[in-house]
Amino acid sequence: MYNKITVVGAGNVGATAAQRLAEKNLARTVVMIDVVEGVPQGKALDQWQSGPVEGYDTRVLGSNDYDAAQGSELFIVTAGIARKPGMSRDDLVKTNAGIVKSVAEQIKRVAPGAMVIVVSNPLDAMCYVARKHTGFPRERVLGMAGVLDTARYRMFLAEAMEVAVEDIQAMVLGGHGDTMVPLVSYTTVSGIPVTQLLAKDKLDAIVTRTRNGGAEIVAHLKTGSAYYAPSAAAVQMAEAIVLDKKRVLPCSTWLQGEYGLKDVYCGVPVKLGRNGLEQILDISLTDQEKKDLHASAEAVRGIQQLIDTF
Ligand SMILES: NC(=O)c1ccc[n+]([C@@H]2O[C@H](COP(=O)([O-])OP(=O)(O)OC[C@H]3O[C@@H](n4cnc5c(N)ncnc54)[C@H](O)[C@@H]3O)[C@@H](O)[C@H]2O)c1
């Protein structure tokens, strides 16, 4: 168990993540920080009072002041504005880059040795902002997107084949957006290639639905975007780090030549443990997957370059 984990942003994703962290007993104290007066305090008090019922002792604290996050070992950054219907993730870039920059500067001030999991969108570009303004090594600044995209992909596959989702092994790489890359060539059902069990047209439809997974939920909700699965995915990454699980998960990572990509954040398979990013698994891809991954990374690079002009 960590001593302190801080969630920045006490909105839908942040507050749900804080609750999941407490319920999993991953830290003695979970701090929620938000700019809105009263919201993190009220939600934190409410969550803390669930402890006797849910069986956790974690102190959940809310604050508008980063001093409450002093010495946190891990941050989950969800601050920002969420996507509205018809708005692309990239429309969010300027507002959220400013927000994530200010958050990164505060993290550096109160917890210079911390690990950072970024959730704010546009995800990969926000990882770039967080790394740039904390100055932390790449091992300690990772983004959550692939775990969520993979969860959606696995669910759709399990439903289509009427099999247990736990038997589906899969991974979605690339940037978090319409250019994400579900790896069909590595998708198996208990080791059986999915292509032997599902017709190509059905598989193609699932890949498309996965790519639009976030937008599908936004279209239903009308105000706001997904948060149950996103918070679960961010907490799965946190758990892998806190418990030193050495999980192999697709995470947005600052690439330095891996997959032929350099100086760009992109989702690739990594090993997560107590040191954060412990290894990048540079696996072989089909020509099409390689092409798609590069296209996805170049889309992220474009946003990184745009951010540098702000
Ligand atoms: N990476 C992913 O897969 C993924 C999935 C879902 C959502 N997201 C993104 O996560 C972010 C949060 O989504 P949400 O649904 O929780 O939105 P939300 O609007 O419910 O919550 C965002 C919170 O951030 C707070 N905030 C704004 N500026 C801040 C600042 N400077 N410091 C601290 N807090 C600040 C807001 O007051 C609000 O409470 C969005 O950018 C969204 O697009 C990413």
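Read on for an overview of the structure. (Residues numbered from 1 in each chain as written. Predicted model: local features only at pLDDT ≥ 70, side-chain atom pairs only at ≥ 80, totals over all residues. Heavy atoms only, no water.)

1. Side note on the state of the cysteines
Turning to step 1, where the next piece is worked out: Going through the model one piece at a time under the given rule, you end up with 0 disulfides.
Turning to step 2, where the next piece is worked out: We note that C127 lacks a disulfide partner, and the nearest cysteine sulfur, in C251, lies 9.5 Å from it.
Turning to step 3, where the next piece is worked out: Judged by its relative accessible area of 0%, C127 is buried. (Disulfide = S-S within 2.5 Å. Buried < 20%, exposed > 50% of the residue type's maximum accessible area, 1.4 Å probe, protein only.)

2. Quick word on the sheet that holds strand β11 (residues 192-193)
Turning to step 1, where the next piece is worked out: Taken in spatial order, the 3 strands of this open sheet run β7-β10-β11, and their pairing is antiparallel. Only two strands of the sheet have a single neighbouring strand rather than two, namely β7 (168-169) and β11.
Turning to step 2, where the next piece is worked out: Of the pairings in the sheet, the one linking strand β10 (residues 188-189) to β11 comprises 2 bridges and is antiparallel in character. Counterpart to V189 in the pairing with β11 is I192. (Pairing = 2+ DSSP bridges. Helix = DSSP H or I, 4+ residues; strand = E, 2+ residues; numbered from the N terminus.)

3. Concerning unusual backbone geometry
Turning to step 1, where the next piece is worked out: P122 follows N121 through a cis peptide bond whose omega is -5°.
Turning to step 2, where the next piece is worked out: With respect to the helices, strands and loops of the structure, P122 is situated in the loop between β5 (115-118) and α5 (123-134).
Turning to step 3, where the next piece is worked out: In the Ramachandran plot, K222 falls in the positive-phi region, its phi being about 70° despite a non-glycine side chain.
Turning to step 4, where the next piece is worked out: The residue K222 is located in the loop between α8 (213-221) and α9 (228-242) in this model.
Turning to step 5, where the next piece is worked out: Under the relative-accessibility criterion, K222 is labelled exposed at 54%.
Turning to step 6, where the next piece is worked out: Phi angles above zero are rare outside glycine, and K246 is one such case at about 60°.
Turning to step 7, where the next piece is worked out: The topology assignment puts K246 in the loop between α9 and β12 (247-256).

4. Here we look at the packing of aromatic side chains
Turning to step 1, where the next piece is worked out: Applying the stated criterion across every chain yields a total of 3 aromatic pairs.
Turning to step 2, where the next piece is worked out: Each member of the aromatic cluster is reached from another via a ring pair, and the members are Y128, W254 and Y265.
Turning to step 3, where the next piece is worked out: A cation sits over an aromatic face here: R59 above W48, 3.8 Å from the ring centre.
Turning to step 4, where the next piece is worked out: The ring of F136 carries R140 above its face, with NZ or CZ at 4.3 Å from the centroid. (Phe/Tyr/Trp six-rings, centres within 6.5 Å; stacked < 30°, edge-to-face > 60°. Lys NZ or Arg CZ within 6 Å of the ring centre and 35° of its normal.)

5. Side note on the nonpolar core
Turning to step 1, where the next piece is worked out: Among the nonpolar cores identified, the biggest contains 54 residues, and L21 and M237 are the most heavily contacted of them.
Turning to step 2, where the next piece is worked out: The dominant element in this core, judged by the number of residues it contributes, is α9, at 8 residues.
Turning to step 3, where the next piece is worked out: When sequence neighbours within four positions are dropped, the list of residues in contact with M237 reads I117, L142, G143, M144, V147, L249, C251 and L272.
Turning to step 4, where the next piece is worked out: Within the second largest apolar cluster, 32 residues are counted, among which are A79, V93, V100 and I303. (Core = buried A, V, L, I, M, F, W, Y, C linked by side-chain atoms within 4.5 Å. Contact = heavy atoms within 4.5 Å.)

6. Notes on the pairing of strand β1 (residues 2-8)
Turning to step 1, where the next piece is worked out: The buried count for β1 comes to 6 of 7 residues, which makes it a mostly enclosed element.
Turning to step 2, where the next piece is worked out: Where β1 meets strand β2 (residues 27-33), 6 bridges bridge the pair, whose relative direction is parallel. Across the sheet, V7 pairs through a bridge with M32, a residue of β2.
Turning to step 3, where the next piece is worked out: Running through helix α1 (residues 12-23), the crossover from β1 to the neighbouring parallel element β2 is right-handed. (Right-handed = clockwise from strand over helix to strand, strands pointing away.)

7. A few points about the pairing of β2
Turning to step 1, where the next piece is worked out: Burial analysis of β2 places 6 of its 7 residues in the buried class, which makes it a mostly covered element.
Turning to step 2, where the next piece is worked out: The sheet contact formed by β2 and strand β3 (residues 59-63) spans 5 bridges and is parallel. Residue pairing for β3: V31 is matched across the bridge by L61.

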